[in-house]
Amino acid sequence: MGIFASKRERRLWLWTLVVLTAIYATLGLAPMLAEVLRERGWLPAAVACGLVLVGLTIVTQGLQVRPGGVEIAVGLGIAAAYLLLVARLMAGQEERTHLMEYGVVGVFVYEALAERARHGRRVPLPPLIAVLATGSLGLLDEGVQAVLPNRVFDPRDLLFNLLAGTTAVGACVALGWVRRRAGGRPE
């Protein structure tokens, strides 16, 4: 047996690596990019596009079969919860990007672990491991920022990263649960 239980698991870990590389590679550029977007009035649109990316990630990974009415309703509920969460955040729009970045990471990590478990590999509590892994990757992100001259370590960002992972993984778990209950379709 190889390292990965399936081609899908390998692909999910690869996408996780791609997203993390993009996050870490832009750490030095992020303040400058945010300023340019803010000056041009594009920051709200960029945040909205990022949220659409998180939603598409959850939907494409969580709904691999044609959804039924209950699944669509749950998906719309998840979208509404995300929108309310973003609207209620007191922090600036830059902090909202953590919900996007680590939401996508959380989905890919969870789906990779769940795929591994579906193929008979031992993975105790994939949702919990995915949330903890996402939080740890966010901690690494903040650790790198602590040594960059134009960035700072911000404990609030650790909370945003953990919240993002928890929310996204929770959405995937909820969609999977509804799918199983709504007709016994495979996850």
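Structure: above.
Owing to the predicted nature of the structure, the values given are computational and were not obtained by experimental measurement.

Criteria and thresholds
- Residues numbered from 1 in each chain as written.
- Predicted model: local features only at pLDDT ≥ 70, side-chain atom pairs only at ≥ 80, totals over all residues.
- Heavy atoms only, no water.
- Helix = DSSP H or I, 4+ residues; strand = E, 2+ residues; numbered from the N terminus.
- Buried < 20%, exposed > 50% of the residue type's maximum accessible area, 1.4 Å probe, protein only.
- Contact = heavy atoms within 4.5 Å.
- Areas by Shrake-Rupley, 256 points an atom, 1.4 Å probe, with all protein chains shown as cover.
- Expected span 1.5 Å × (residues − 1).
- Arc of directions from axis to C-beta.
- Core = buried A, V, L, I, M, F, W, Y, C linked by side-chain atoms within 4.5 Å.
- Salt bridge = Lys/Arg side-chain N within 4 Å of Asp/Glu carboxyl O.
- Polar contact = N/O pair within 3.5 Å; in protein donor to acceptor, adjacent residues only side chain to side chain.
- Axes fitted to C-alpha atoms, helices over the stretch in contact; angles between N-to-C directions.
- Parallel < 35°, antiparallel > 145°, perpendicular 65-115°, else oblique.
- Left-handed = near helix turned anticlockwise from the far one by under 90°.
- Nonpolar A, V, L, I, M, F, W, Y, C, P; charged D, E, K, R; others polar.

Enquirer: Explain the overall build of the protein to me, please; I cannot follow it from the model alone.
Expert: Looking only at helices and strands, one finds seven helices and zero strands in the protein. When the elements of the protein are put in sequence order from the N terminus, they spell out α-α-α-α-α-α-α. The 187 residues of the protein split such that 39% are buried. Sequence separation of at least 24 residues holds for 79% of the intrachain contacts in the protein that already meet a minimum separation of 6. On the protein, roughly 10,400 Å² of surface is accessible, and the fraction owed to carbon and sulfur atoms is 70%.

Enquirer: Could you clarify how one ought to interpret helix H1 (residues 7-25) in this entry?
Expert: Note: α-helices contain 3.6 residues per turn, so residues at a spacing of three or four share the same orientation. The end-to-end C-alpha separation of H1 is 26 Å, in line with the 27 Å expected for 19 residues at 1.5 Å each. Those residues of H1 that fall on the buried side of the exposure criterion are Arg8, Glu9, Leu12, Thr16, Val19, Leu20 and Ile23. Relative to the axis of H1, the buried residues are bounded by an arc of 110° and lie together on one face. Facing away from the buried side of H1, by more than 90 degrees, are the exposed residues Lys7, Leu14, Leu17 and Ala25.

Enquirer: Which parts of the structure should I look at to understand the nonpolar core?
Expert: Generally speaking, nonpolar side chains in soluble globular proteins are found buried as a group. Ranked by internal contacts, the top residues of the largest apolar core, which has 22 residues, are Val19, Ile23, Tyr102, Val105, Tyr110 and Ala130. Listing elements by their share of this core, those giving two or more residues are H1, helix H5 (93-118), helix H6 (126-147) and helix H7 (155-181). Sorting elements by how many residues they give to this core places H5 first, with 11 residues.

Enquirer: What is the right way to look at the environment of Glu111 in this model?
Expert: By secondary structure assignment, the location of Glu111 is in helix H5. Among the residues examined, Glu111 registers a relative accessible area of 5% and is labelled buried. The sequence separation of Glu111 and Pro127 amounts to 16 residues, and the corresponding C-alpha distance is 9.0 Å.

Enquirer: Before we go on, may I ask you to explain the pattern of salt bridges in this structure?
Expert: Where side chains of opposite charge bring their charged atoms close, a pairing between them can arise. Following the criterion strictly, the structure yields five salt bridges and no others. With a shortest N-O distance of 2.8 Å, Arg116 and Glu9 are connected by a salt bridge. One end of the pair, Arg116, is in helix H5; the other, Glu9, is in helix H1, and 107 residues separate them in sequence. Taking relative accessible area as the criterion, Glu9 reaches 1% and is therefore assigned buried.

Enquirer: Honestly, the side chain of Ser6 in this entry has me stumped. Any pointers?
Expert: Mapped onto the secondary structure, Ser6 falls in the segment before H1. Within polar-contact distance, the side chain of Ser6 engages the side chain of Glu115 at 2.8 Å.

Enquirer: Can you walk me through the packing of H6 against H7 in this structure?
Expert: In a packed pair of helices, the relevant descriptors are the angle between the two axes and the axis-to-axis distance. Running from amino to carboxyl end, H6 crosses H7 at an angle of 155°, the nearest separation of the two axes being 8 Å. By the angle between their axes, H6 is roughly antiparallel relative to H7. Seen along the crossing, H6 lies across H7 with a hand that is right-handed. Counted together, Pro127, Ala130, Val131, Thr134, Gly135, Gly138, Leu139 and Glu142 of H6 and Asp157, Leu158, Asn161, Leu162, Gly165, Thr166, Val169 and Val173 of H7 form the full contact between these two elements. Along the lines of polarity and charge, the residues of the contact of H6 with H7 split into eight nonpolar, six polar and two charged.

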